[in-house]
Every structure is written in structure tokens, then in C-alpha cells.
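Each chain, written out:
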Amino acid sequence: MITISYWRGKIRAMLHLDDNPHRIATAFSLGVFIAFSPFIGLHIISAFFLAWVLRLNAVAVVLGTLLNNPFTMAPIFGAGLWVGVEIYGRHHLLNPIHWNDLTMVNFFSHIEPYLMPFLLGTTLLGIAAGLIAYPCAYYSVKEYRHLRHRAEESSHV
């Protein structure tokens, strides 16, 4: 007989809610890496796809991806461009963009010098942020589970 507990178990298994802290932290850090991706609009889609392909916790990947939101998008992408320009050393090739003269026809010619430094910078920042996010998520999950276990033990007394 199919019951609510049956469906609850299926959903828990699908979402990998009972994963160990390492897998949850890995999923979260992958989501943080995706958050730094310059492919705006594809973050959530790529999070679900990679969670499915790698059989990771989809909720954790999406939560990591949500680091990039309307409030953090400009600082993330601005820092990515700055890091990329510093590494590429293209200061002399970057002309200021004259926004009043920008049209659909000349858009790529104005943006092209910024493209490779932007991709490099956001990728490197994504790797760094993912590496920082892993231990934070790992210890948060372990501590949460420890506190939950202690609370369950004290409620049984």
C-alpha cells in the first residue's frame, strides 16, 4: 500500500537529504561555483543538471547557486572582471565603453576586449569561492546534525 511515509521516503531519497556531510558540502560548493558562472539565466538549470548527473543533493546545489542574486550579481561580476583584467594584463587594450553609442550592431566589438578577462576572472573566483564554501558547509551540516541528535536525546529523557 502506498502511504504518505512511502512518498516521504521517495522524496528524501530523490533529494539526497540523508547524505553524509561530505556529499552535501560538495553539492553546496558546486552550487557556489555555478553562482560565479557568467552564463546568467542558466545557473538554476545547470545546478539541477549537474546535481542529476553527479547524483548530488539538488537542494544543496541550488542553495549554493543562489549566492548569485540581484544583490550580489554586480559585486561578483565586477570582481570577476577586475581579477581577469589584472591577470590578463589588458589594461592598455580596454577602452571605456561609451554607453550612448552602444547598439546591437556594434555591441560585440565594444564588449570583446572584456570577454576573456571576464570569463577567466569569474572562473577563478568561482573556484576560490567553492573551495571556501566546502569547509563552511561541511562543518555547518555536521554541527546541525550533532545539535539535532542532542536535542532528540534530551527530548527522550
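That block above? That's the structure.
In this report, the structure presented in the accompanying data block is examined. On a predicted model such as this, the values are computed, not experimentally measured, just so you know. (Residues numbered from 1 in each chain as written. Predicted model: local features only at pLDDT ≥ 70, side-chain atom pairs only at ≥ 80, totals over all residues. Heavy atoms only, no water.)

1. A closer look at the pattern of salt bridges
Note the following rule: Whenever a carboxyl oxygen of Asp or Glu lies within 4 Å of a side-chain nitrogen of Lys or Arg, that contact is scored as a salt bridge.
Applying the stated criterion across every chain yields a total of one salt bridge. A salt bridge links aspartate 19 to arginine 23; the shortest N-O distance between them is 3.5 Å.

2. So, the packing of aromatic side chains
We apply this condition: What counts as a ring pair is set by centres within 6.5 Å for rings of Phe, Tyr and Trp (its six-membered ring), and what kind of pair is set by the plane angle: stacked under 30 degrees, edge-to-face over 60, tilted for all other angles. Runs of H or I in DSSP of at least four residues are treated as helices and runs of E of at least two as strands, each being numbered from the N terminus. Here the term buried applies to any residue with accessible area under 20% of the maximum for its type, exposed to any over 50%, and partly exposed to those in between, with areas from a 1.4 Å probe on protein chains only.
Here the structure, examined in full by the defined rule, presents four aromatic pairs. Between phenylalanine 77 and phenylalanine 118 the ring centres are 5.5 Å apart and the planes differ by 70 degrees, which places this aromatic pair in the edge-to-face class. Residue phenylalanine 77 is found in helix H5 (residues 73-88), and its partner phenylalanine 118 is found in helix H6 (residues 107-155); the two are separated by 41 residues along the sequence. Using a relative accessible area of 18% as the deciding quantity, one classes phenylalanine 118 as buried. Here tyrosine 134 and tyrosine 138 contribute two aromatic rings whose centre-to-centre distance is 6.0 Å and whose plane-to-plane angle is 20 degrees, an arrangement assigned as stacked. Linking tyrosine 134 with tyrosine 138, this pair stays in helix H6, spanning four residues, or about one helical turn. Looking at tyrosine 138, the relative accessible area reads 22%, which means it is partly exposed. Among the aromatic residues, ring-to-ring pairing joins Tyr134, Tyr138 and Tyr139 into one connected group.

3. Focus: the side chain of histidine 43
Note the threshold: Each polar contact in these results corresponds to two N or O atoms within 3.5 Å; when the atoms are within protein, one needs to be able to donate a hydrogen and the other to accept it, and residues that are neighboring in sequence are counted only if both atoms are side-chain atoms. Whether two residues touch is decided by their heavy atoms; if any such pair falls within 4.5 Å, the residues are in contact.
With respect to the element layout, histidine 43 can be found in helix H3 (residues 43-54). In terms of polar contacts, histidine 43 uses its side chain to reach the backbone carbonyl oxygen of isoleucine 34, at 3.4 Å. For histidine 43, the residues in contact, after removing those within four places along its chain, are Ile34, Ala35, Ser37, Thr65 and Asn68.

4. Some points on the nonpolar core
Rules: To form a nonpolar core, buried Ala, Val, Leu, Ile, Met, Phe, Trp, Tyr and Cys residues must be joined to one another through side-chain atoms within 4.5 Å.
Ranked by size, the top nonpolar core spans twelve residues in total: Ile24, Ala27, Leu30, Ile34, Ala47, Ala51, Leu56, Ala58, Ala60, Val61, Val62 and Val141. Of all the secondary-structure elements, those providing two or more residues to this core are helix H2 (21-35), H3 and helix H4 (58-65). Alanine 47 has contacts with Ile34, Val61, Val62 and Thr65, leaving out every residue within four places of it along the chain. Counting residues in hydrophobic clusters, the runner-up holds eight residues, among them Phe36, Phe118, Ala129 and Ala133.

5. A look at H6
Which entries qualify depends on this criterion: Helix span, as expected, comes to 1.5 Å for every residue beyond the first. The bend at a residue is defined as the angle formed between two axes, one fitted to the seven residues ending at that residue and one fitted to the seven starting there.
For H6, built from 49 residues, the straight-helix expectation of 72 Å at 1.5 Å per residue is missed by more than 12%, its first-to-last C-alpha distance being only 63 Å. Residue proline 113 marks the point of greatest curvature in H6, where the axis turns by about 45 degrees. Against H2 and H5 lie the buried residues of H6.

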